[in-house]
Amino acid sequence: MKIILTFPTIITPHGGARVLFEWCYRLKKLGHDVGLFVENGKLQCTWYDLSGITVTADHSAYKHYDCIVIGSPHSIWLQDHIRPHQKCFLFMQMVEEYFRPGNALWKKQCEQFYLSKYPIIHGSRWGEEHCRNLGRTCEIHYIGDGVNIKHFPMINKPKDGKT
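So, a few notes on the structure that sits alongside this text. Here the structure is a predicted model, which is why all the values come from computation and not from measurement.

The next thing to look at is the nonpolar core. Within the largest apolar cluster, 22 residues are counted, with the highest numbers of intra-cluster contacts made by I68, I70, L90, M92, F113 and Y114. When residues of this core are assigned to their parent elements, the largest contribution, four residues, is made by helix α2 (residues 104–114). Discounting chain neighbours no more than four positions away, the residues touching I68 are I4, T6, Y62, L78, I82, Q86, K87, C88 and F89. The next biggest cluster of nonpolar side chains, apart from the first, holds 20 residues, and it includes V19, L20, V38 and C67.

Written out as structure tokens, the structure is:
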């Protein structure tokens, strides 16, 4: 099967990207043809080895895949372009509008994501509760993320009170 995953950026290391990159390699190991669509068009990833994965910024690349995993509200526009023969899933890392509090346009885009008719795969029970409270009735599947401590080492630092 040809599977493409979408993500807003691959420049900065963070948990959601790490999870999707792991999915890419695990799906590839199972024999799937895997692609990664990067919404912002910057295709250089220096913190994770993406060799063997087709990385693209082509906004029409999804047309060539059997399955699309929308990895962020940034790419929710794709749900309006899914063809009948394609499968679509959404990967929800967290309640994304918390990254941009007060941004009404971003919150609306996030709500389109949470209320999509396509199944959501998520790694946080509180995110699922948020979707249900908004009125989501479609499928939601929980998969624990796990942590790769090689990429995200555990460091005890004094809290700065900003996060």
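Those residues of helix α3 (residues 125–134) not exposed but buried are G127, E128, H130 and C131. Here the buried residues of α3 occupy an arc of 155° about the axis, which is enough to place them on one side. Along α3, the residues that are exposed and aim more than 90 degrees away from the buried face are R125, E129 and N133. Contacts made by the buried residues of α3 are with β5 (87–92), α2, β6 (120–122) and β7 (140–142).

So, on to the pattern of salt bridges. For the structure on display, the rule yields three salt bridges. Taking the shortest distance from any N to any O, the salt bridge between K2 and D33 comes out at 3.9 Å. With a gap of 31 residues between them, K2 in strand β1 (residues 2–7) and D33 in strand β2 (residues 33–38) connect regions that are remote in the sequence. For K2, a relative accessible area of 30% corresponds to the partly exposed category. Since its relative accessible area comes to 34%, D33 is described here as partly exposed.

Rules of the game
- Residues numbered from 1 in each chain as written.
- Predicted model: local features only at pLDDT ≥ 70, side-chain atom pairs only at ≥ 80, totals over all residues.
- Heavy atoms only, no water.
- Core = buried A, V, L, I, M, F, W, Y, C linked by side-chain atoms within 4.5 Å.
- Buried < 20%, exposed > 50% of the residue type's maximum accessible area, 1.4 Å probe, protein only.
- Helix = DSSP H or I, 4+ residues; strand = E, 2+ residues; numbered from the N terminus.
- Contact = heavy atoms within 4.5 Å.
- Arc of directions from axis to C-beta.
- Salt bridge = Lys/Arg side-chain N within 4 Å of Asp/Glu carboxyl O.

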